[in-house]
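# Remarks on the overall topology
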Amino acid sequence: MARPSNKNIQAKLVLVGDMGTGKTSLVLRFVKGQFFEHQEPTIGAAFFTQLLSLNEATVKFDIWDTAGQERYHSLAPMYYRGAAAAVVVYDISNVDTFVRAKKWVQELQKQGNKNLVMALVANKCDLESKREVNTQEGEKLSEENGMFFIETSAKTSLNINELFYEIAKRLAIAQ
Ligand code: GDP
Ligand code: MG
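Residues numbered from 1 in each chain as written. Chains lettered and ligands numbered in written order. Predicted model: local features only at pLDDT ≥ 70, side-chain atom pairs only at ≥ 80, totals over all residues. Heavy atoms only, no water.

What counts, and what does not: UniProt positions are given in the numbering used here, feature names are shortened, and annotations may be inferred rather than shown by experiment.
Identification of the protein chain as Ras-related protein RHN1 from Vitis vinifera is taken from an unreviewed UniProt entry. Within the UniProt record for the protein chain, the comment given under Sequence similarities (unreviewed entry) is "Belongs to the small GTPase superfamily. Rab family."

Spelled out as structure tokens, the structure:
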């Protein structure tokens, strides 16, 4: 049987969100399958690549992680330049990071790419007993901004692959 025609997509993906929300941990979980309780805030290659195969396409992610610059609540334009996908991360056990997530969404929208695939990620879902942001609040913010919403845990691996698969699918549809 002939293989269906397969698209090759290369996509820059950026992560934004407050320090300590788990951006680096999400990437390391996805790319290396690892998790560290004491992830160093400013350590990390800041750049990773990862292939993901769908039926209809192969997506090569160029993942840009911050190296602590989010401390200043804003990132340089070159960080966003050419991005096809953006992931806004907050920590369900810290409501301040959710309040700040709204600002990160605004910063993304200032970049002016209407085709940007945007995800809102509620991370640290293993910390249910410390939850300060409920699921509905996250869903509402994502709906208002044309994002998709997913609750994850880099610690337990909950929904990590699902997050990147969903982004890949949306990129494949858009191409
Ligand atoms: P970043 O500053 O956004 O890159 O956040 P990090 O990835 O450095 O994570 C900050 C801290 O949160 C580290 O101590 C991680 O171990 C921890 N962390 C990250 N993701 C999770 C998670 O899903 N659950 C829990 N319990 N801790 C997490
Ligand atoms: Mg980090």
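We are not done yet, so read on.
## Looking at the site of ligand 1
For clarity, the cut-off: We call a residue near a given molecule or strand whenever any one of its heavy atoms falls within 4 Å of it. Any pair of nitrogen or oxygen atoms within 3.5 Å is treated as a polar contact; in protein, a donor-acceptor pairing is required on top of that, and neighbouring residues in sequence qualify only through side-chain atoms on both sides. With residues, only the protein chains shown are counted as cover, and all accessible areas are computed by Shrake-Rupley using a 1.4 Å probe. The method works on a 1 Å grid over the protein atoms by themselves. A cavity is a set of points holding a 1.4 Å probe that cannot get out, a pocket is an open set with protein on both sides within 12 Å along at least five of seven lines, and residues with an atom within 4 Å of a point line them. In this scheme, a molecule is assigned to a cavity or pocket if more than half of its atoms are within 2 Å of the grid points. Helix and strand assignments come from DSSP, with helices taken as H or I runs of at least 4 residues and strands as E runs of at least 2, each series counted from the N terminus. Charged means Asp, Glu, Lys or Arg here, nonpolar means Ala, Val, Leu, Ile, Met, Phe, Trp, Tyr, Cys or Pro, and polar covers whatever is left, Gly included.
The immediate surroundings of ligand 1 are formed by 20 residues, with Lys23, Ser25, Phe36, Glu37 and Asp126 found nearest. At 3.2 Å from a nitrogen atom of ligand 1 is found a side-chain nitrogen or oxygen belonging to Asn123. Relative to its unbound accessible surface of 570 Å², ligand 1 loses 90% to contact with the protein. Given that more than half its atoms are within 2 Å of the pocket grid, ligand 1 belongs to the largest pocket. Top contributing element to the shell around ligand 1 by residue count: helix 1 (residues 23-32), with three residues. Its residues placed into classes, the shell around ligand 1 shows five nonpolar, eight polar and seven charged.

## Some details on the pattern of salt bridges
What counts is decided by this rule: Put simply, a salt bridge is a Lys or Arg side-chain nitrogen that is within 4 Å of an Asp or Glu carboxyl oxygen. Burial classification: accessible surface area is computed with a 1.4 Å probe over protein chains only, and a residue below 20% of its type maximum counts as buried, one above 50% as exposed, and the rest as partly exposed.
In this structure the tally under the stated criterion is ten salt bridges. Put simply, Glu37 and Lys155 hold a salt bridge, and the shortest N to O gap is 3.0 Å. You can see Glu37 sitting in the loop between helix 1 and strand 2 (47-53) and its partner Lys155 sitting in the loop between strand 6 (148-151) and helix 5 (160-174), a full 118 residues away along the chain. Judged by its relative accessible area of 38%, Lys155 is partly exposed. Lys60 serves as the salt-bridge partner of Asp62, at 3.5 Å between the closest nitrogen and oxygen. Judged by its relative accessible area of 12%, Asp62 falls in the buried class. On the basis of relative accessible area, Lys60 is assigned to the partly exposed category, the value being 31%. Linked by salt bridges that have partners in common, Glu128, Arg131 and Glu151 make up one network.

## With respect to the side chain of Asp62
What counts is decided by this rule: Should any heavy atoms of two residues lie within 4.5 Å, those residues are counted as being in contact.
Tracing the chain through its elements places Asp62 in strand 3 (residues 57-64). At 2.8 Å, the side chain of Asp62 and the side chain of Gln10 are in polar contact. The contact partners of Asp62, leaving out residues within four places of it in the chain, are Gln10, Ala11, Lys12, Leu13, Phe47, Phe48 and Thr49.

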